Amino acid sequence: MADKTFPLNAWYAAAWSHEIEHALAARKICGKDLVLYRTEAGEVAALENACWHRLLPLSLGWLKGDNVVCGYHGLEFNANGRCTHMTAQKTINPSAAVQSYPVIERHRLVWVWPGDPAQADPAKMPDFHWNDGTEYVGEGGTYYSLQCDYRLIVDNLMDLTHETYVHAGSIGDENITETPFDVTHTDRTATVTRWMKGIEPPPFWKKNLGKPGLVDRWQIINFQAPSTICGDVGVAPVGTGAPEGDRSQGVHGCFLAAITPETETSCHYFWNFVRTFKTDDEDLTRAINKAHVNPEGTGLYDQDAFVLQEQQKVIDNNPRMPFYNLNIDAGALWARRLIDRMISDESANLAPLPGEAAE
Amino acid sequence: MADKTFPLNAWYAAAWSHEIEHALAARKICGKDLVLYRTEAGEVAALENACWHRLLPLSLGWLKGDNVVCGYHGLEFNANGRCTHMTAQKTINPSAAVQSYPVIERHRLVWVWPGDPAQADPAKMPDFHWNDGTEYVGEGGTYYSLQCDYRLIVDNLMDLTHETYVHAGSIGDENITETPFDVTHTDRTATVTRWMKGIEPPPFWKKNLGKPGLVDRWQIINFQAPSTICGDVGVAPVGTGAPEGDRSQGVHGCFLAAITPETETSCHYFWNFVRTFKTDDEDLTRAINKAHVNPEGTGLYDQDAFVLQEQQKVIDNNPRMPFYNLNIDAGALWARRLIDRMISDESANLAPLPGEAAE
Amino acid sequence: MADKTFPLNAWYAAAWSHEIEHALAARKICGKDLVLYRTEAGEVAALENACWHRLLPLSLGWLKGDNVVCGYHGLEFNANGRCTHMTAQKTINPSAAVQSYPVIERHRLVWVWPGDPAQADPAKMPDFHWNDGTEYVGEGGTYYSLQCDYRLIVDNLMDLTHETYVHAGSIGDENITETPFDVTHTDRTATVTRWMKGIEPPPFWKKNLGKPGLVDRWQIINFQAPSTICGDVGVAPVGTGAPEGDRSQGVHGCFLAAITPETETSCHYFWNFVRTFKTDDEDLTRAINKAHVNPEGTGLYDQDAFVLQEQQKVIDNNPRMPFYNLNIDAGALWARRLIDRMISDESANLAPLPGEAAE
């Protein structure tokens, strides 16, 4: 396990677009305190949340046009972080500035690059188009704060056998653990594919498929390093060709996860469940959301959160205790390798991935 | 003072027998997280409370027969800690196991050995027969969690002059501070003996003796390293031979303490007050218990707990501030020496006890 | 920035006189736990708040005449810290003592010297005569606990331009930021002087001056190292000679601050606002106090406390992030230099102040 737990040179979801208005909002991303706001022209600015002068969080100040005014001595900073006003003096120290962070707003999320701004390449944005509200429908906007290393969520989502145990009584299903799966990868992605053919559909899918009989069920979980996941899940009547590519008789959706380290041991979890069926049924949208997270803490993600946070406590109390791996961890292990490689790249100690060693 | 505060190679009370049923119970002993449960055959198992795979506390899972099922991915471990089921795979890694701890159930308590299992010699069990419900009667079952180094309780019980100050108004008595005492020791025990001859009996003893006149009162506190104490206390009418060994005209009981480090600065305190008089009087049993610990926090042990926890706070804030000793500490000092010797033995740096140095 | 944040060889306000009665009171000063009490003759004693024997805070015991009795084993210590009674033994270890700290009671405050007692020179007492209830009137007795480095309060009071931002809507005033100021210093003091001539008086001063027209307004902030501040503030009708020294037509008061480190990141703030006008108006006294600190947290000092404590959190989270300075910080910088010099003096590494280097 690498000592560092996350790369800095990456795009991370920092907020839902609708969270950021023409007002100051504080959020910690990868250990860095940021203040976020939308300019009058609608662009999102992300600045270091500590005044250059005496470190008061800028989020405790206010906006004056597109400038942030520090609430302690009135210094002003523009959306690039440059100081534009120093109280009681006419000459402004030209080096006076707070760090500004590259921002891209895409797919209904605000993404920031907490690392070296010079390397902030838009081409490195993860694909999250399922979330953009066009082809797929989901409420979105659901933010979840967890007191655990973000990688524990990656592990969790890359291995759905946990559903049988953590979600026993709802989506847990013996078919998941009994069915083998494939793992593939590229230099930025890892994908776990599981086809459960000719099985009884679980209740949620049976109801939404609306057809009797056995189904082919799939779970295709795609990870994009360092921490974006799209889980393509669905069912189709057995024999209608879904495994071969014809999903026209089936129903499916995607669970979406943009996970962002807050600190080494806490994270922001921007999640959504989107679907292509019954897209006008807002009650269904709300019901799906409530099944994931709800005030009673009985949602699927609430169950995961409990487990992940308890896991983190053991890690904190036993920092040298190793993780051992099972066959079911193959997907998570590839995800971890890709993360570790990004971290190594930043340290300029690029280690070859397994299988890539030159002979 | 030794850097380590407790030996690991020792039997420690981990729970009252009645606490451990056919269900998972978490408890931290000497810094180690344990899960305890009783098998269907009635044996007590004690396992490391972190799954071999991903460290989730096993106590968050459930029992399947005598096996513990991890609540995250369903791995199963038997009562010896051996993994007997790995989800979605037929071959089990033969090294997959969690640590299992030696257990002895005796004298109505479950004792575990948190150190090297190979050295877990039943002959090293402390004698705690006063607690077994035969000769002596007491409710037992009373567990007390304290935020202090367990040795502070040892100090407290080995020097009862504190009663005059901490318990002023109840059992505190000037006779205790005014009467000299003897300390004897073996390589595993230290004993403080105080005889207060021809004194007015304190109220509790006067009432339970039920005879007029002066008494001989005794306090014989026996410590067994590392942390078991039996305090033999009682009174007999003066001149009836108690100091010489004939207690037939008197009444007496024992305060029992099995103290177990939870961490360096917290402990479990399994206590009981047992007696040989009025053994059928359940109201008296309840009254004695309530006089020691009660919800109002006014019991004798509540008063001690307050002092000990405040003492611990000062130690935490002033890690190098020394303890200085008075004559009254002679018993506690012997107990500390025996503890330190056990710790040294574990480090294979056996230092001779004072008086044992070869010339 | 020096590693140590405060000198120990200095007089620090530990309590208001009226707080210390013939009873035990605990307070931490410069990281040292003290127990304070007034003897029967009315002198204030300040002792280390941990028994020589087993470290129980002496403040948990009780007074027996002028001696402190430890609540654990009854050891007694006199007002000089000397042990005068050891339980159950006739001979007292002559070295048994707790540290006693030099105390001076002056200007309605109890001052202690937490450093080397041999250097506790009364001549080094800060001048705080404005607080003594003779020439100036103020309620006093107001104690404020802040979770911040005491020097952040010094910074705050030495630069009143913050009023324009932190206290916008009450005393904040653009005149303050627009008017230049002078800084002077001695080897123990730094003084910031600002004259705002011919301005509209702010509401508080206008009302208490009771005369129409423009005023000359002054703010003369005097710092005495390490942490005592008197801010002489007032107004007089323009042209009546106040800048030249004739304040007879004006009104003025002083904000007084005796700030004492509790730890590196928390402090005690003994403050008062005293005045020479309307000295019989107790409603005005109460109103002024309430305008500074009130239960709703809307007072001027409540606003400062919020800012200073947020600033401290950023410092804690970013220990190496520097402070940069503006022109407005000239007074605070001198105060910091004087503090740093006191700290250096204690380390016997006296660095020359800027401008004092020998050529």
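Residues numbered from 1 in each chain as written. Chains lettered and ligands numbered in written order. Predicted model: local features only at pLDDT ≥ 70, side-chain atom pairs only at ≥ 80, totals over all residues.

Engineer: Please explain the overall build of chain A as it appears in this structure.
Structural biologist: In terms of helices and strands, chain A carries seven helices and 17 strands. Radius of gyration (C-alpha) of chain A: 23 Å, near the 21 Å computed for a compact globule of 359 residues. Referenced to the eigenvectors of the C-alpha coordinate spread, the extents of chain A come out at roughly 80 × 55 × 40 Å. Residues classed as buried in chain A amount to 46% of the 359 residues present. (Helix = DSSP H or I, 4+ residues; strand = E, 2+ residues; numbered from the N terminus. Rg over C-alpha atoms; globule rule 2.2 N^0.38 Å. Buried ≥ 20, exposed ≤ 12 C-beta atoms within 10 Å, placed from the backbone.)

Engineer: Looking at this structure, how should I read the packing of helix α1 (residues 150–158) of chain A against helix α7 (residues 330–346) of chain A?
Structural biologist: Residues and elements named next belong to chain A. Following both chains from N to C, one finds α1 and α7 inclined at 145 degrees, their axes separated by 8 Å at the closest point. Of the two elements, α1 crosses α7, and the hand of that crossing is right-handed. Together, R151, V154, D155 and M158 of α1 and G331, A332, A335, R336 and I339 of α7 make up the contact between the two elements. Residue composition of the contact of α1 with α7, grouped by class: five nonpolar, one polar and three charged. (Axes fitted to C-alpha atoms, helices over the stretch in contact; angles between N-to-C directions. Left-handed = near helix turned anticlockwise from the far one by under 90°. Contact = placed C-beta atoms within 7 Å. Nonpolar A, V, L, I, M, F, W, Y, C, P; charged D, E, K, R; others polar.)

Engineer: Sorry, what's going on with the relation of the copies chain C and chain A here?
Structural biologist: Between the two copies of the chain lies a relationship made up of a rotation around an axis and a movement along it. Of the transformation placing chain C onto chain A, the axial shift is 0.1 Å and the rotation is 120 degrees, giving an RMSD of 0.0 Å. On the angle and the small slide along the axis, the relation comes out as a three-fold axis. In terms of proximity to the rotation axis, the leading residue of chain C is D316 of chain C, whose C-alpha is 12 Å off the axis. (Least-squares fit on C-alpha atoms with pLDDT ≥ 70 in both.)

Engineer: Which parts of the structure should I look at to understand helix α6 (residues 300–317) of chain B?
Structural biologist: Working note: α-helix, 3.6 residues per turn, so residues spaced by three or four point in the same direction. Residue and element names in this part refer to chain B. Its 18 residues give α6 an end-to-end C-alpha distance of 26 Å, which sits within 8% of 26 Å, the value for a rise of 1.5 Å per residue. Buried residues of α6: Y301, Q303, D304, A305, V307, L308 and Q311, and no others. The inward-facing, buried residues of α6 abut β11 (142–146), α1 (150–158), α2 (163–166), β17 (266–275) and α5 (282–292). (Expected span 1.5 Å × (residues − 1).)

Engineer: Looking at this model, I keep getting lost on the confidence of the model for chain A. Mind explaining?
Structural biologist: A low pLDDT score tells you not to read the predicted coordinates there in detail. Residue and element names in this part refer to chain A. Overall, the predicted model of chain A reaches an average pLDDT of 93, with 96% of residues at or above 70. Low pLDDT, under 50, characterises residues 349–359; the predicted model gives this stretch seven contacts beyond four residues in sequence or across chains. Under the prediction, the complex receives an ipTM of 0.91, its pTM being 0.91. (pLDDT = per-residue confidence, 0-100.)

Engineer: Is there a simple way to think about the interface of chain B and chain C in this case?
Structural biologist: One widely used convention gives an interface's size as the accessible area the parts lose upon coming together. Contacts between chain B and chain C engage 18 residues on the former and 17 residues on the latter. Of all the secondary-structure elements, those providing two or more residues to the side of chain B that touches chain C are α2 and α6 of chain B. Element by element, the count of residues in the side of chain B that touches chain C is highest for α6 of chain B, at five residues. Among the residues forming the side of chain B that touches chain C, the class breakdown is ten nonpolar, seven polar and one charged.

Engineer: What is the right way to read the domain arrangement of chain A from this model?
Structural biologist: All names here are of chain A. Each domain of chain A was delimited in the assignment, giving domain 1 (12–123) and domain 2 (128–346). Domain 1 and domain 2 are separated by 33 Å when their C-alpha centres are compared. Elements that contribute at least two residues to the side of domain 1 that touches domain 2 include exactly β1 (12–16) and β2 (25–29). At four residues, the largest contribution of residues to the side of domain 1 that touches domain 2 is made by β1. (Domains from an automatic or database assignment.)

Engineer: In this structure, what is going on with the sheet that holds strand β11 (residues 142–146) of chain C? I would like to understand it.
Structural biologist: Residues and elements named next belong to chain C. Sheet architecture is open: seven strands sit in the order β11-β17-β16-β15-β14-β13-β12, paired in antiparallel fashion. Either end of the sheet is taken by a strand with one partner, and the two such strands are β11 and β12 (181–185). Strand-to-strand twist of the sheet, defined as the mean angle between neighbouring strand axes without regard to direction, takes the value 15 degrees. Pairing of strand β14 (residues 215–224) with strand β15 (residues 228–237), which is carried by ten bridges, proceeds in the antiparallel orientation. Residue pairing across strands places V215 opposite P237, the latter belonging to β15. Across the face of the sheet, helix α7 (residues 330–346) comes into contact with β12, β13 (189–199) and β14 while running at roughly 165 degrees to β13. (Pairing = 2+ DSSP bridges.)

Engineer: Explanation requested: the interface of chain C and chain A in the structure shown.
Structural biologist: On the chain A side, the residues contacting the 18 residues of chain C number 17 residues. Of all the secondary structure elements, the ones that give two or more residues to the side of chain C that touches chain A are α2 (163–166) and α6 (300–317) of chain C. Here the element with the most residues in the side of chain C that touches chain A is α6 of chain C; it accounts for five residues. Of the residues contributing to the side of chain C that touches chain A, the split by class is ten nonpolar, seven polar and one charged.

Engineer: Help me out: how do you make sense of the sheet that holds strand β2 (residues 25–29) of chain B in this one?
Structural biologist: Strand pairs in the sheet, formed through backbone hydrogen bonds, run parallel or antiparallel to each other. Residues and elements named next belong to chain B. The strand order across the open sheet built from three strands is β2-β3-β4, with neighbouring strands paired in antiparallel fashion. Where the open sheet ends on each side, the last strands, each with one partner, are β2 and β4 (44–48). When strand polarity is set aside, the average angle formed by the axes of neighbouring strands in this sheet is 35 degrees. As defined by bridge partners, strand β3 (residues 32–38) adjoins β4 across five bridges and the pair is classed as antiparallel. Paired with L34 across the bridge in β4 is E48.

Engineer: I tried to follow the pairing of strand β16 (residues 251–263) of chain C on my own but got confused; where do I start?
Structural biologist: Residues and elements named next belong to chain C. Extensive coverage of β16 is indicated by the burial of eleven of its 13 residues. In terms of strand pairing, β15 meets β16 through eight bridges, oriented antiparallel. Opposite G234, over in β16, you have H252 as the bridge partner. As judged from the ten bridges shared by β16 and strand β17 (residues 266–275), these two strands associate in the antiparallel manner. Counterpart to T260 in the pairing with β17 is H268.

Engineer: Looking at this structure, I do not really get the environment of G42 of chain C. What am I missing?
Structural biologist: For G42 of chain C, the position within the fold is in the loop between β3 (32–38) and β4 (44–48). Considered as a pair, G42 of chain C and I104 of chain C are 62 residues apart in the sequence and their alpha carbons are 12 Å apart.

Engineer: Where do I start with unusual backbone geometry in this structure?
Structural biologist: Most of the time, phi is negative for any residue but glycine, and the peptide bond is trans. Omega for the peptide link from A225 of chain A to P226 of chain A comes to 5 degrees, which places this bond in the cis form. When you line up the elements, P226 of chain A lands in the loop between β14 (215–224) and β15 (228–237). At K278 of chain B, a residue that is not glycine, the phi angle is positive and equals roughly 45 degrees. Despite not being glycine, L55 of chain C shows a phi value in the positive range, around 75 degrees.

Engineer: Can you walk me through helix α6 (residues 300–317) of chain A in this structure?
Structural biologist: Taken as a whole, α6 of chain A has its buried residues at L300, Y301, Q303, D304, A305, V307, L308 and Q311 of chain A. At its buried positions, α6 of chain A is contacted by β11 (142–146), α1, α2 (163–166), β17 (266–275) and α5 (282–292) of chain A.

Engineer: What should I look at first to understand the packing of α1 of chain A against α6 of chain A in this one?
Structural biologist: Angle between the axes and distance between the axes are the two parameters that describe a pair of packed helices. Residues and elements named next belong to chain A. Two elements in contact, α1 and α6, have axes whose closest approach is 10 Å; the angle formed by their N-to-C orientations is 130 degrees. As summarised for this structure, α1 and α6 are arranged oblique, according to the angle between their axes. Between α1 and α6 lies a crossing of right-handed hand. Residues L152, I153 and N156 of α1 form the contact with α6, whose participating residues are D304, L308, Q311 and Q312. When grouped by side-chain class, the residues that make up the contact of α1 with α6 number three nonpolar, three polar and one charged. (Parallel < 35°, antiparallel > 145°, perpendicular 65-115°, else oblique.)

Engineer: Quick question: what am I supposed to make of the environment of K290 of chain C here?
Structural biologist: Mapped onto the elements of the fold, K290 of chain C is located in helix α5 (residues 282–292). In this structure, the C-alpha to C-alpha distance between K290 of chain C and Y301 of chain C, residues eleven residues apart in sequence, is 9.9 Å.

Engineer: Looking at this structure, how should I read the environment of D345 of chain B?
Structural biologist: When you line up the elements, D345 of chain B lands in helix α7 (residues 330–346). The sequence separation of D345 of chain B and P7 of chain B amounts to 338 residues, and the corresponding C-alpha distance is 8.7 Å.

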